Amino acid sequence: GESVGLHLPTLSVQEGDNSIINCAYSNSASDYFIWYKQESGKGPQFIIDIRSNMDKRQGQRVTVLLNKTVKHLSLQIAATQPGDSAVYFCAENIGGSNYKLTFGKGTLLTVNP
Amino acid sequence: GAGVSQTPSNKVTEKGKYVELRCDPISGHTALYWYRQSLGQGPEFLIYFQGTGAADDSGLPNDRFFAVRPEGSVSTLKIQRTERGDSAVYLCASSLIPGGEGTQYFGPGTRLTVL
């Protein structure tokens, strides 16, 4: 079946360090992947996305890497700041309809000052 | 600009009651989605609207759940005969265009508590 999961449920880093959050997916038909950030009491906030025809995409302080061979996705946050503390979800978009997002359970990132 | 808004932010009701949750999408967004998020979990898809019609309601858990979008903008999620298991955060999202080209932007959610 379809599944999106995370290797690490929690991640604690020091301010200024780089963070890496990992995600595994099982459906080789998935062609669109998104990372969302969710702060307590708020809805998920779009961070960055990537399509299956790419293996890397960069944004402001964030980079997403996609390894289709091992069905692995990662989010790298450079110079992590306290404001980056949140739960991070990867989501995948499966199949021809291309609208239904399937989310993993999330990783809690804590940034220590 | 204004994002997706949802009302109420919190709703407490008793088992067996009827509730309505409202979503105002970003202006001009044609696609609208409802998700449900249980504590400690990622959001789960419920229903998707393209315009006024429900293009996919396969995520609705049972026939107590229903959603409408009569004018292709505001949507209401309706839950009849609420059960304690319905307690969750109900999230609404919208996108400018449907499909993989349309980034889904989420609202803050409505936290529903069924006593």
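Residues numbered from 1 in each chain as written. Chains lettered and ligands numbered in written order. Predicted model: local features only at pLDDT ≥ 70, side-chain atom pairs only at ≥ 80, totals over all residues. Heavy atoms only, no water.

1. A look at the state of the cysteines
The line we're drawing: Cysteine sulfurs are considered disulfide-paired once they come within 2.5 Å of each other. Note on conventions: DSSP H or I runs of at least 4 residues are helices, E runs of at least 2 residues are strands, and numbering of each starts at the N terminus. Relative accessibility thresholds used throughout: buried, under 20% of the residue-type maximum; exposed, over 50%; partly exposed, between the two (1.4 Å probe, protein chains only).
One pass over the structure, following the stated rule, counts two disulfides over all chains. Each sulfur of the disulfide joining Cys23 of chain A and Cys90 of chain A lies 1.8 Å from the other. Between Cys23 of chain A and Cys90 of chain A, the S-S torsion sits near 55°, and that sign places the bridge as right-handed. In this pair, Cys23 of chain A is assigned in strand E3 (residues 19-25) and Cys90 of chain A in strand E9 (residues 86-94), connecting sequence segments 67 residues apart. Taking the relative accessible area as the measure of exposure, Cys23 of chain A reaches 1% and is therefore buried. The exposure class assigned to Cys90 of chain A is buried, which follows from its relative accessible area of 1%. One disulfide in the model links Cys23 of chain B with Cys92 of chain B; its S-S distance is 1.9 Å. Between Cys23 of chain B and Cys92 of chain B, the S-S dihedral sits near -65°, and the bridge is therefore left-handed.

2. Quick look at the sheet that holds strand E3 (residues 19-24) of chain B
Residues and elements named next belong to chain B. We count it as follows: Only when DSSP finds a minimum of two bridges between them are two strands counted as paired. Between the N-to-C directions of two axes lies an angle of 0 to 180 degrees, each axis being a line fitted to C-alpha atoms and, for a helix, fitted only over the stretch in contact.
Sheet architecture is open: four strands sit in the order E1-E3-E8-E7, paired in antiparallel fashion. Two strands lie at the open edges of the sheet, namely strand E1 (5-7) and strand E7 (65-68), each paired on one side alone. Each strand of the sheet is rotated relative to its neighbour by a mean of 15°, with strand direction disregarded. Relative to strand E8 (residues 75-79), E7 is paired through four bridges, and the arrangement is antiparallel. Across the sheet, the residue bridging to Phe65 is Ile79, located in E8.

3. Notes on unusual backbone geometry
With an omega of -10°, the peptide bond running from Thr7 of chain B to Pro8 of chain B counts as cis. Mapped onto the elements of the fold, Pro8 of chain B is located in the loop between E1 and strand E2 (10-13). For Lys71 of chain A, which is not glycine, the phi dihedral falls at a positive 55°. Along the polypeptide, Lys71 of chain A turns up in the loop between strand E7 (62-67) and strand E8 (72-77).

4. Let's talk about the interface of chain A and chain B
Our working rule: Any pair of residues with heavy atoms lying within 4.5 Å of one another is described as a contacting pair. When two parts are put together, the accessible area they lose, computed with a 1.4 Å probe and summed over both, is reported as buried area. Salt bridge criterion: a side-chain nitrogen from Lys or Arg within 4 Å of a carboxyl oxygen from Asp or Glu. Throughout this description, a polar contact denotes any pair of N or O atoms lying within 3.5 Å of each other; where both atoms belong to protein, one of them has to be capable of donating a hydrogen while the other can accept it, and for residues adjacent in sequence the pair is counted only when both atoms sit in side chains.
Each partner contributes to the interface: chain A provides 19 residues, whereas chain B provides 21 residues. Of the roughly 1,600 Å² buried between chain A and chain B, counting both surfaces, carbon and sulfur atoms make up 53%. At the junction of chain A and chain B, the tally comes to one salt bridge. Here Lys100 of chain A makes a salt bridge to Asp56 of chain B, at a shortest N to O gap of 3.6 Å. Where chain A meets chain B, there are four residue pairs in polar contact (both at pLDDT 80 or more). For the side of chain A that touches chain B, the secondary structure elements donating two or more residues are strand E4 (30-38), strand E5 (45-51) and strand E10 (101-103) of chain A.

5. Thoughts on the packing of aromatic side chains
The test is simple: Paired rings are identified among Phe, Tyr and Trp, the last through its six-membered ring, by centres lying within 6.5 Å, and are further divided according to the angle between planes into stacked (under 30 degrees), edge-to-face (over 60) and tilted (the rest).
Inspection of every chain in the model, using the stated rule, returns 11 aromatic pairs over all chains. Consider the rings of Tyr25 of chain A and Phe33 of chain A, whose centres lie 4.6 Å apart with planes at 45°: the pair is tilted. There is no split in this pair, since Tyr25 of chain A and Phe33 of chain A are both buried. A centroid spacing of 5.4 Å and a plane angle of 50° characterise the contact between Tyr35 of chain B and Phe106 of chain B, whose relative ring orientation is tilted. Residue Tyr35 of chain B is found in strand E4 (residues 31-37), and its partner Phe106 of chain B is found in strand E10 (residues 105-106); the two are separated by 71 residues along the sequence.

6. A closer look at the nonpolar core
Quick reminder of the rule: Only buried residues count toward a nonpolar core. Its members are Ala, Val, Leu, Ile, Met, Phe, Trp, Tyr and Cys residues joined through side-chain atoms within 4.5 Å.
Trp35, Leu73, Leu75, Tyr88 and Leu109 of chain A are the most contacted members of the largest nonpolar core, which totals 20 residues. Broken down by secondary-structure element, the contributors of at least two residues to this core are strand E2 (10-14), E3, E4, E5, E7, E8, E9 and strand E11 (107-112) of chain A. With sequence-adjacent residues up to four places away left out, Leu109 of chain A is seen in contact with Leu11, Val13, Ser19, Ile77, Thr80, Asp84, Ser85, Ala86 and Tyr88 of chain A. Core analysis: the next-biggest nonpolar cluster, separate from the first, contains 19 residues, Cys23, Ala67, Ile79 and Cys92 of chain B among them.

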